[in-house]
Every structure is written in structure tokens, then in C-alpha cells.
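Coordinate analysis (summary)
These are the residues of each chain, in order.
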Amino acid sequence: MEEFKKKLQVPGDELVFFVNGKKITEKNADPEITLLTYLRRTLGLTGTKLGCAEGGCGACTVMVSKYHPHQNHIVYLFNHYAINACLAPLCSLHHCAVTTVEGIGSVASKLHPVQERIAKAHGSQCGFCTPGIVMSMYALLRSKPQPTMHDIQEAFQGNLCRCTGYRPILEGYRTFTKEGGCCGGKGQTNGCCMTNGNVEEQENSMHPTEKLYDQSEFMPLDPTQETIFPPELVTLSKQSQREMRFVGERVLWVQPCSLKDLLELKAKYPNAKLVVGNTEVGIEMKFKNLLYPVIVAPAYIPELNIIQHNQDGIQVGASVTLTVLGEELRSTVEKLPAHRTQIFSAVLEQLQWFAGQQIRNVAAVGGNIMTASPISDLNPVFMAAGCKLTVMSKGQKRVLEMDDKFFPGYRKTALRPEEILLSVEIPYSKKGQYFSAFKQSPRKEDDIAIVTCGMNVQFKEKSNTVQSIRISYGGMAPVTVLAKTTCNRLLNRQWNEELLEEACTSLAEEMSLSPSAPGGMVSYRRTLTISLFYKFFLTVQHKLAVNLQMEGVIVEDIQPEYSSATDRFRLDAPSSVQLYQAVPPGHNSDDVIGHPIMHLSALKQATGEAVYCDDMPCYENELHLALVTSSKPHALIKSIDTASAMSFPGVVSFISAKDIPGSNMTGPVVYDETVFADDKVTCVGHIVGAIVADNQAHAQRAAKAVKISYEELQPVIVTIQDAISNKSFFDPVRSISRGDVSQGFKDADHILHGEIHIGGQEQFYLETNCTLAVPRGEDGEMELFVSTQSASKTQALVAKALGVPASRIVCRVKRMGGGFGGKESRSTILSTVVAVAAQKVKRPVRCMLDRDEDMLVTGGRHPFFGCYKVGYSKNGRVIALEVTLYSNAGNSLDLSLSILERALFHMENSYNIVNIRGTGYMCKTNLPSNSAFRGFGGPQGMMVAESWMSDVALSCGLPAEEVRRINMYKEGDLTPFNQRLEQFTIDRCWEECMQLSEFGNRKEAVEEHNRKHRWTKRGLSIIPTKFGISFTAVFLNQAGALAHVYSDGSVLLTHGGTEMGQGLHTKMVQVASKTLKIPCSKIHITETSTNMVPNTSPTAASASSDLNGMAVYNACQTLLQRLQPYIDKKPKGCWEDWVKAAYFDRVNLSANGFYKTPDLGYDFDTNSGRPFNYFSYGVAVSEVEIDCLTGSHKNLHTSIVMDVGKSLNPALDIGQVEGGFMQGLGLFTLEELRYSPNGYLYTRGPGMYKIPAFGDIPIELKVSLLRDAPNERAIFSSKAVGEPPLFLAASVFYAIKDAIMAARTESGLTGPFRLDSPATPERIRNACEDKFTQLCPPANPETFTPWAVQV
Ligand SMILES: Cc1cc2nc3c(=O)[nH]c(=O)nc-3n(C[C@H](O)[C@H](O)[C@H](O)COP(=O)(O)OP(=O)(O)OC[C@H]3O[C@@H](n4cnc5c(N)ncnc54)[C@H](O)[C@@H]3O)c2cc1C
Ligand code: FES
Ligand code: FES
């Protein structure tokens, strides 16, 4: 550092800012350090979380407040806004005040209403997203104490939650709005919730609704109580500004205070990077490993912050943030006549779908232009509008037009190195001018564009003759482009059908793409350029008809059924109903079972006090680890060169296979994997080694410098199809069959064949994998703090790698920020590496994977390919079925066999197919091993079933719901694996769901809509699910518990399960409370630990409440029996009296409990036995609307009826139903892992991999827990709920398919068609074949190598 300072000959300044009201003076502010790292590592404020480091998840949201001595009407004197701390350079915060989740309230002192309401409304499950959501809401309330629902939805565009399904968060925060607000008892015009209760819900429901929480408990929001902006900062900000310089290890940060100084600096350092929001540069430095030695921060230069209305338009300084630009344009649009503000409205349209609020609050308009990204959302608008750009260098100023010369190449602009962008002028539009902007992205909210465009046409006076036209596209070339040829062809033409035809044909030629083009989706992108133009055409045509009619010129209007093509996608405010059976009146009030108790950690999660693995304070001598992974899918390692890496600052050691004291072979079931690849790598992302250094940044930099040379091997098998061609399978091939399949086919009226591919899915737990390993220094002892679902498996595999008995290893799990199966076995690949490193360096070693590493190395849900042959009768009754399932297992077996088996066990979903044969193959490929994910193969098996069911209905021309109904199981039927269905409740779920969703009326309305609309179609579907509960590996169906009663009466409970947000600990405390007959407040669970309960099964298979609940019950019963004499002796005494008496009488007040599920076991050879203890059932109805031109869809309605037995806790169970459903919705409609043909994963973060966001929840969501359905096979008559609801999201997929069918009918297409999962906009658009898709046919697959392949 000193060396660098000398080289630059500058002393560093002191950075002064405030955090939670406390002044921080940092003498060594390193420009490479983000605010997040500083908060977590330097200040120990770990409430703010790291979920992605790329601004895509919002877990790191904090509020920044600034004082602006020179405020204008848009920038207020004090500004409070949410930002992503993971992207904010520490150095950008000079003279700012930062508020983190710890700064607004705590459980220990006083909660803030924002924290209280999310927790009490059950909006926090694992809690890892919660602090970020709390801070987004808090920042909104600081500037708008009574927001609208729309404001809230907008504020959450940059926040993700993987657990809750979002509904409870929005419900909880609706109480802050005018519409649904809780006034805190102060009275409101629309009535007070404290006196009315939740009136709307009661009216809508079929049964009287019990509330899941009581709004009247909520503390009122009192904006006057908020902390004020630090007066010292006001004084400091008013003082004359001077240039600031901060010097780090490798980077100099200069913050000039005048334009002159800025230009001087740019002349001196022409290669210096200008940084305003850092939302682009930050990503380049973190993920592309780019280094910018000099950074210049022009955020405070007045000339770059102007917003000035000129004669021709609005001059916007390059450093103006997108939020400020949006506010200015919105107020101008409100003031000026519409024909003047067409372009401003188009910019606003783009801004609405531009990133999330946290990004828009800091990202500058100049940053977007100068990044020159081919998928920039603003550049096509600016280009189509012909915006003027003022650029400056020392002594020179020029004005350039944004045209096709402005971007000479990929990420290049026409500016010279010494020049800066000063401002952009966005012109007013004129009479007769029409302008639209469109953006199409995989997800509507916070997503980058697939194709984005600006379209601008000017007509000759009082006519529909084109005077000038300019169309600009992003996403169609390495730069933003103009469709010049097409535009020239349209000049002087009338705006009519012939022009449309000419434009479409011309665009199809001009906007062509190589079939191998980066980004893929080639046909779709090409079709979009035309489809979006068509939308523009119709929009303009309609406006022309209206406007010219006023001027006496008649132009034909568009047909009414085409008008929906011109509608813009808007977020509607969601509504919901939750129904459950309350405990009967007169029920013992001490019995907490059946009550909607809040997750016991929810309040701590909302305040940031809940401790996750990486929140543990650092040990004094702790080191950090970074992985070194393979860049080749299949290769021999020739050499590993660590010389350069070892010379990096802070590096302590390189760890590889040679350092393993025990065995390098590992794996959860069979040992077919390596801890570190020794001679061969079998996937991109295979762990080869690890660097250990004094901090994470040093470790990661050095890890990137490790050079591995390879000898590439063949074959490289990536896809299921590759594996089938190469016969690359793991053993065994599994099969289940029942009945006489050949005879069945002979008896059938018809036979059809079909296929479906179901893509994989990333678990995307918000907290990535994390391990802290602490060697204890004697006897090979080591303590591990791990974010894992499998404490015992971690212990066993670490012991194996270290060559010590398991008794020397303790694995401790406090809580996880989500697991979903992803931390069942794959967490061990990190834990073993960290443990080996800690053993070698004899110091504590920590590693929390970055999101991109986690996604790269840990695999996900198995992609499946299903082929089927179905024999059926004319009325749709399926008589025979032959199905073959192929899963993409990746490079090791992991849990693939159990997953495949579960897929086969669910191959008929809920249908009674008497002649059936299912065969399953596990494909061995050069991908990271795929693993468990909620549903564990079940959803894939059932998805194939619903595909043939849909095909049968389409071929018979019968309503799908009828065909499903007639094939449905009945009580007492046998499954293909010969298990009898008892207490079968799907019939009841089905009937109730039909009623709840008003299926009949809804269907009529859908048909009516479809008759009236050509370009939007609605679809409806009802889907059942039957999910077998138990681990199919029999030995795992056991659990242990340990309960200590201390002499003060407090109880410490431990059991084998881990807490990952599902509320397992809460349920276990409820079970103990009911059994011991004491309040929950006396019972505490600290953690899961292998030295408290040994040989635990993973927390998985939805069975953890069943298994651990019984073990807890067993332990508590033992304690109760031991206490009984003292209770009998003093029946009127209290718990503490009895405990004390027993203690003094020398009674053992510690008891363990154990449970194993009886009568389990299945034999594939004889197709006999019981694989499952019982089944969980559910039914869902969903309605969607698709945009046939873009492939986007809206989830309009979902009703779910779920059988959860007698719910232990309806709030937690509804949380699982809704959260599981939303994950399924991601699986089937949104989430797409994209791999190169060489097995390189492109989608390695929230930027490219889209999980459902707030805006994806069904606009209307009804969830009902089936009443009067006790389940005698589980604790207190409850049922498992974690996995079963996930598949119900298939109702959305098949509603989409139904809507696509309606669109295809318009083009004369009938009968079954293949729709693979997920139903992305690309697949939906391509399936809605029409005249536009015909213009862009896909290239012959034999003729090119695609950018991405379906694995
Ligand atoms: C999560 C996320 C979501 C995003 N979503 C979108 C989206 O939906 N649409 C979209 O288009 N983009 C999106 N982006 C990209 C990015 O946010 C925008 O491009 C943003 O406008 C960049 O502004 P900035 O101030 O943060 O740029 P910085 O990162 O600060 O700078 C970007 C570049 O501009 C240069 N620069 C900045 N100001 C000047 C100037 N005055 N003169 C010369 N050069 C200058 C810098 O040197 C640098 O090369 C997203 C980014 C993230 C992280
Ligand atoms: S960690 Fe900052 S947005 Fe994800
Ligand atoms: S509670 Fe939101 S990610 Fe877990």
C-alpha cells in the first residue's frame, strides 16, 4: 500500500461518514472495499447480508441519507434512499449517513414497526432476505410515510426472497398504506382494522376466516421518532468542498469538486474510470477480474448533475441518477401536453423495468450510455430519439448525436479517452410524432433485456404518411443498432397493412442473427423485433385514427380484438385469502398445537440479530479460503502452477489433494467423488484446490492466479441426449411396472407418443454455502460451524477426509438462510475442503462461497427428459402407459438414485393407470453433480404425467379437467408400486378447489376473453398432486432428540433436524410445549449439533417434523413420567416447583428420545412393500394471461387446497404451501439454467438466473388447508408439508399451455404440441406460431453450434 501511495505521490484523505448515527472516520479507505464488506467485517454489523454481490437480490440493502446544500426541486434538502451495500464503494460515502437494519430497532431495545410487521405477518422464514426487505421498506417510509401498494411493489423490485412466496410480506406491509393501512388505532375513513378485523377476507371466504395474525398488535408508525440526519454532516457538507483522494492497495480514488479539475484529471489519467453508481464498474471488478488503478468519482460536480429545460428538450447531466431522471420526467409529463412528451414517456416506460429501486437510486444516466452495453435499455430510446450528447475534454467541448456511429464496437463509444460525457439532451416530441419503447426480458421486474427498443415515427402534417422514422434495437448485435434499411423503405409510405408487411419482411432480413449468436434464443429475438414493431404499428395506428379524426382526416382504426396488443404490462396490486381450521372453541388454551404462532426467530431475523454462519465473529487468527476450480469439462490435469498466486499479498497456503490426511474420496452415498480433483477433472467447476489467505479478497485474487494446464479428454457429455447417444449412465436402471402393458395398448382406442424436457433448477438459497472450521489442537478434534441440512453427513465426510474418528468432529448448525435440498449433500464439498485447509494451516478457516461459485460448483435440481407412449379410450381414460425417464445426474452419483426412484414413484401423479411401466436412467455427464431440491424428483415425475394427460385431453378434444377427473385415483386403489391409498383426500381437495376458484365461471370468462382478444389469451388449469412421505432409503427414517430441564425450570431442547426457515424448531417447541404442558417461552433450541444428537438424518424429504416431532415427544414423555410423582404430590404446584422437587430428589432431568417410522420398506425386484408412510395431497387451479406477441405471461389467479392433516401451525404450513408453490412457479415458468455446449454454466447469479420476484405472485391467491383431515400416521395428526405443494405450480404451466392452445387455434393449429419446462417467454412465443414466427424460422440444428444447449 505504501508503495502504491509513493508511486502515485498522493497522501490519502480521511473518509468521514456516519453509520446508525455514529461518526466513522476511516483513515485507510480502500477504493476496492464495498460498504457491505466494511459494515460486516470492520464494524461487525452483520445484520446486512451478502446474497449475490451483484445488486440482484437486495439482501444487502441499507439506507443512505445525504444533505444537498444546493437542492433543486427534484433533489430535496435531505435525501433518504435505499442502496445495495454490495456495490457501493466505501469511498463513495464521504459525508453520507448510512442506516442499517441494526440502526432502526432491535429485539433487545425497541422494534421498529417495519421489523415488527414483517415478522408478525409471517413474512420471514429463513430470514436471510429479511433485513434487506426491511430496509427497502424503511427507506420508502422515510420519504413517503403513507405509500400506496404500487409504491411498495416498486420499492421491492430489487429484493428477492426464496422462502415466503412474498404474499405475507406484501400483506404485512399493506398495513402501512392508505388503502389497507393500519392507523394504529387512530381512526381512518375506511374503518379501523382494530375494530373491524380483516373484513374483506371474511366476506370472500367459504368458511369463516381465522386470522393468521392480529393487526391490532402492531405498533403504530410514528415518523417523528425517526433518527435525524447528523447535524455535523450538514455543517461539513456546507463547508467549501475540496478534492478528496483515497488510496488503497491497488487503486486510487479521486473525487474532484469542479468540472475543471475533473477534465484535468482525465487529461492526466485518460484511462481512469469514471464511477458514479458503480453498478457497472463494480460488476466488472468483482466478476470480470478487471482492475482500474485510477477511479474518478464525478458524482458531486454540479455541471454533471444539472437538469435543465431548454428550447428543444431537457438537458440531463451525466451523473443524474435514474431515480432523479424518472421523477423529473414524470413531473414534466404531467405538466406538458402529451404530444410534447412522447419520448419522456418512453424513457419512463423503460425506467419502470430498469433494475430495482436500489440500483436506480445510484445508477447514472451517463453510466448507462457510456457502458455501451448492447442490451442497455436507455440507449435504443436515445438513439431512436436522436438525442444530443455533450462531451468535454480539457479545453474542448463537442456535441454528438446518438446515432449508429456513436457505438463503433462492443462496449465502445465515440468518445476519446480524455473526454467525458457532460450531459444528454432528450428532445421534446412534436405534433404528428409517435414514440414507443419496449423491453422484453425473461422476468418482468429487475431483469436485463433480451430485446429492447425505441421506435420513433413522424408523420407529414394531417396525414398518415411517414415523414421520418427511426427504429433502434438493443439485444440484436454487439451494439445498439438502427434498423436503417427498413426505416428507409418506409419513408413516404402510408401507415397501413402494406407498410406493416413490408416492415416485417424487411426487419426479418435486416435484424438477422447468426444461429450461434451469444445470448442464444435466436429465432425468438428475431421474432421479437417484428412482434414489437407490430405492437408499435397498432399503437400508432390507433392514435392516428383518433388524432386525425379530430383534424377531419379519416384513417382506419385497429380492430377491437387487436387492441390488447397495445396494452402495457402493469403490476396489479395482489389480493389473497388464507383459510384454515382454527382450534375448536373451548380447546385448552395452553395447547399451542394448531395455532398460527410466529416463527420463533422471526423478530431477530427482522432486526438483523439472528446469527447465520458467516455472521459469527472472526477468530483472531482466522484465515479465509477461496476455491480453485476447473475451467474444463473433461480433462487430465497436467500441472498446477501456484508460484504467482503464492506471491500475492496475504496468501498463506495452497491446498490440494496432496494435503489430505485421510481419504480424498467422498460422496453422500457412494464415494465416487474427490474432495480435490487429483489427476482428472470431470466438469467445469470441479474443485481442484484452494487458496488460504488473510482475507477473502486476497484469497480470491490469488485463487484466480493459479494456473492449471490440462489435456482435454473426449467425450464431453453435457446433455441428456449426449448421454443417451453415448450410453453414459450410472447403474442401476430402475423400473416399476404393474398390470399388462402390452394388452393395455391392444385394448386402447388410441395410442400417442410424446416427450417433455424439464429443465434443472438452482436452489438459490439466499445464504450461499458457508463453513467455518476451527481445529481444536488436540487429538484431531475439530469444530465446524456449517450451513448444512446434514450435520451428521458433514461430520462423517470431514472425519473421513481428515482420517480421524467421527467422534473428534463436531458439526454445529445454528440456522441456514435457506436450504431447499441444496445443502443436503452438496454443502459437504465445501465443508471437507475447508476442514482440510484448517487442518493443514492449524488455524480457523472460513469460506462463504460467492453466489457465482456456489452456482457453479454445487449443482441443482436434476433436469429430466421423459418419453411416453399412452394408450387411451375415446373418453380419455388412460388404459396403458409406458414411460421412460432420464435424469441428468452430472459427474457423480450423489443422491441421484433416490431422486430417480422418487420420480418413478410419482410417474402416475394422482391417476389410476392399471397397466403401467416406468423405467428410469441416470445420465452420467460432465456437469457438476445434480442433487436434492424440494420435491426430490417427484415434481419431474409428475410433470411428465401431466404432459401425457394434457396430450390425451388435446387429442380427445375433451376438457383437460374432465380427463384428469376420470383418471383420478379413488380411496383404496393401488399405486403402481402396490401401495394402497388410504385416507385419500384428493377428491375433497378437488371439489373444494373447484369451488374456491369458481372454476366454472372462470372458465366461461376465459373463453369470453379469448373470443375477444387476438393477441392476449387466457388459460386455465386444475392440477392435483399426491406426494409420498418418507425417505425411500429406509434407514434414514429415524430421529433423535435430547431435552434437558434445568433446575430453574427452563428447557433446552435439541433434535436431529436443522432450521432453514421452514419453522421446524418452532414446531418442535410447540410439540414439547404440548407434551410437557408448559408455555413455549420456557423451551429453547440453540442449535443442531452432532455432539447433542448423533447419527441424524438430513433435514429433508418433508419428514423432519414427523420424525423429530415424535422423537421430541418421546423425550418429553420420559421427562414427564419422571416428574409425575412430584406433580401428583403437589398437583396445584407449578412447573418450576415440580422441577425443583425432582432435582433435589436427584432425578435425571435430561432425557433423550428416539423414533423410527414403522412398517417401511420397498423391494424393486418384487414390487412389494411400503415405500411411504402416507401421502400428502393437494389441488390447485391457476389462470394466466399470455401476451402472444412477446411470450410474457401474467399469473392472474391461483387457488390451492392442501391436505396438511391437522396442522401443527397453520401460519407455518401456509408459509410452506405458498413458498413451495412459488418455487415451483419458478421451476416451471421462469428459471432457466443455461449451459454452453462445453458444460460451462452461464447463469451464475441473479443477473442472469431469474427466480420469481415480488411481481410474479398470482394477482389473486387463495390458499385453503383442508379441514377435518387428521392423519393418524404422524405427530398430533399432522402431515408433512415442505415438498408436496411445490408441484401444484404445474397448474400455472398447464394454464399457460391452455392459453397457448387458444393462440394456436387462431392460426389453425390443433392437437397436442410439445412444451418443455420452464415455459419461458421464449418457449411461449415460439409455440404461439403465427405469421411473424414464420418469418424467423430456426436454423437447421445440424448446421451450427448453438450458444447454449438444453442439458
Ligand atoms: C442489478 C443490476 C441491474 C441492472 N439492470 C439494468 C437494466 O435493467 N437496464 C440497463 O440498461 N442496465 C442495467 N444495469 C446496468 C447499469 O446499472 C446501468 O448501465 C447504469 O446506468 C450504470 O450507471 P452507473 O452510474 O452505476 O455506472 P458506473 O458503473 O459508475 O459507470 C459505468 C461506465 O460509465 C462510465 N461513465 C460514467 N459516467 C461517465 C461520464 N460522465 N463520462 C464518461 N464515462 C462515464 C464509467 O467510466 C464506466 O465505464 C443493471 C446493473 C445491475 C448491477
Ligand atoms: S448482495 Fe447486494 S444485492 Fe445481492
Ligand atoms: S425468508 Fe426470504 S429468503 Fe428466506
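Residues numbered from 1 in each chain as written. Chains lettered and ligands numbered in written order. Predicted model: local features only at pLDDT ≥ 70, side-chain atom pairs only at ≥ 80, totals over all residues. Heavy atoms only, no water.

Notes on the sheet that holds strand 8 (residues 273–274)
Strand order in the open sheet made by the four strands is 6-7-9-8, with mixed pairing throughout. A single partner strand is all that each edge strand has here, and the edge strands are strand 6 (244–247) and strand 8. (Pairing = 2+ DSSP bridges. Helix = DSSP H or I, 4+ residues; strand = E, 2+ residues; numbered from the N terminus.)

Brief notes about helix 34 (residues 1104–1129)
The end-to-end C-alpha distance of helix 34 is 37 Å, a good match for the 38 Å that 26 residues give at a rise of 1.5 Å each. The principal kink in helix 34, of about 45°, is found at Leu1123, preceding the proline Pro1125 by one to four residues. (Expected span 1.5 Å × (residues − 1). Bend = angle between axes of the 7 residues up to and from the residue.)

What about the pairing of strand 22 (residues 651–655)?
In terms of residue burial, strand 22 counts as a mostly covered element, since four of its five residues are buried. In this structure, strand 22 lies alongside strand 26 (residues 687–693), joined through four bridges in antiparallel fashion. Paired with Phe654 across the strands is Ile691, a residue of strand 26. (Buried < 20%, exposed > 50% of the residue type's maximum accessible area, 1.4 Å probe, protein only.)

Some points on the UniProt feature "binding site: [2Fe-2S] cluster 1" (unreviewed entry) in the protein
Taken from the UniProt record, the annotation "binding site: [2Fe-2S] cluster 1" (unreviewed entry) applies to Cys52, Cys57, Cys60 and Cys86. These annotated residues cover 35 residues of sequence, and their C-alpha atoms all fall within 10.1 Å of one another, placing them together at a single site. Positionally, Cys57 belongs in the loop between helix 2 (35–42) and strand 3 (61–67). Residues in contact with Cys57, not counting those within four places in the same chain, are Gly51, Cys52, Gly158, Asn159, Leu160, Leu766 and Pro1246. (UniProt positions renumbered as here; feature names shortened; annotations may be inferred. Contact = heavy atoms within 4.5 Å.)

Some points on the nonpolar core
Among the nonpolar cores identified, the biggest contains 368 residues, and Leu35, Tyr173, Tyr473, Trp495, Phe533 and Trp948 are the most heavily contacted of them. Per-element tally for this core: the top contributor is helix 19 (residues 522–550), with 13 residues. Filtering out sequence-adjacent residues up to four positions away, Trp948 remains in contact with Tyr868, Val870, Val878, Leu881, Met907, Glu908, Tyr911 and Ile913. (Core = buried A, V, L, I, M, F, W, Y, C linked by side-chain atoms within 4.5 Å.)

Structural notes on unusual backbone geometry
Between Gln714 and Pro715 the backbone carries a cis peptide bond, its omega angle lying at -5°. Locating Pro715 in the fold gives a position in the loop between strand 27 (707–712) and helix 23 (720–726). Cis geometry is found at the peptide bond from Ser1317 to Pro1318, where omega equals 5°. As for its placement among the helices and strands, Pro1318 is situated in the loop between helix 37 (1290–1306) and helix 38 (1321–1327). Here Arg1146, not a glycine, exhibits a phi torsion of approximately 60°, which is positive. By the secondary structure assignment, Arg1146 is in the loop between helix 35 (1135–1144) and strand 42 (1150–1156).

As for the packing of helix 29 (residues 938–956) against helix 30 (residues 960–967)
How two helices sit against one another is set out by the angle between their axes and by the gap between those axes. Two elements in contact, helix 29 and helix 30, have axes separated by 9 Å at closest approach and are oriented at 120°. Regarding the angle of helix 29 to helix 30, the classification is oblique. Seen from above, helix 29 lies across helix 30 with right-handed handedness. On helix 30, the residues touching Glu946, Met949, Ser950, Val952 and Ala953 of helix 29 are Ala960, Val963, Arg964 and Asn967. Across the contact of helix 29 with helix 30, the residue classes tally to five nonpolar, two polar and two charged. (Axes fitted to C-alpha atoms, helices over the stretch in contact; angles between N-to-C directions. Parallel < 35°, antiparallel > 145°, perpendicular 65-115°, else oblique. Left-handed = near helix turned anticlockwise from the far one by under 90°. Nonpolar A, V, L, I, M, F, W, Y, C, P; charged D, E, K, R; others polar.)

Focus on the site of ligand 1
Near ligand 1 lie 32 residues; those nearest to it are Lys273, Leu274, Val276, Thr279 and Asp377. Contacts to ligand 1 include Val276, whose backbone N or O atom sits 2.8 Å from an oxygen atom. A distance of 3.0 Å separates an oxygen atom of ligand 1 from a polar side-chain atom of Lys439. Isolated, ligand 1 exposes 990 Å² of accessible area, and the fraction of that covered by the protein chains is 92%. Of all the secondary structure elements, the ones that give two or more residues to the shell around ligand 1 are strand 8, helix 11 (281–287), helix 15 (365–371) and strand 14 (420–427). The greatest single-element share of the shell around ligand 1, amounting to four residues, is contributed by helix 15. Classifying every residue of the shell around ligand 1 gives 17 nonpolar, eight polar and seven charged. (Near = heavy atom within 4 Å. Polar contact = N/O pair within 3.5 Å; in protein donor to acceptor, adjacent residues only side chain to side chain. Areas by Shrake-Rupley, 256 points an atom, 1.4 Å probe, with all protein chains shown as cover.)

A word on the pattern of salt bridges
Enumeration according to the criterion identifies 69 salt bridges in this entry. A salt bridge links Arg162 to Glu1231, with the shortest nitrogen-to-oxygen separation between them at 2.7 Å. With a gap of 1069 residues between them, Arg162 in the loop between helix 5 (149–155) and helix 6 (167–174) and Glu1231 in the loop between helix 36 (1210–1229) and strand 47 (1260–1265) connect regions that are remote in the sequence. For Arg162, a relative accessible area of 4% translates into the label buried. Residue class for Glu1231 comes out buried when judged on its relative accessible area of 0%. For the salt bridge of Glu998 with Lys1262, the shortest nitrogen-to-oxygen distance reads 3.8 Å. Here Glu998, found in the loop between helix 31 (986–996) and helix 32 (999–1012), pairs with Lys1262, found in strand 47; they are 264 residues apart in sequence, far enough to count as distant. Within the structure, one salt-bridge network assembled from shared partners comprises Arg40, Arg41, Lys49, Asp614, Asp615, Glu622 and Arg846. (Salt bridge = Lys/Arg side-chain N within 4 Å of Asp/Glu carboxyl O.)

Some thoughts on the environment of Ala503
Structurally, Ala503 is set in helix 18 (residues 497–510). Spatially, the C-alpha atom of Ala503 lies 6.1 Å from that of Thr486, the residues being 17 residues apart in sequence. Apart from the residues within four sequence positions on either side, Ala503 is in contact with Thr486, Leu490 and Phe533.

Looking at the environment of Leu35
Looking at where Leu35 falls in the secondary structure, it is placed in helix 2. For the pair Leu35 and Leu1107, spaced 1072 residues apart in sequence, the C-alpha separation works out to 43 Å. Leave out the neighbours within four places in its chain, and Leu35 touches Phe17, Val62, Ile83, Ala85, Ala88, Pro89, Leu90, Leu93 and Val98.

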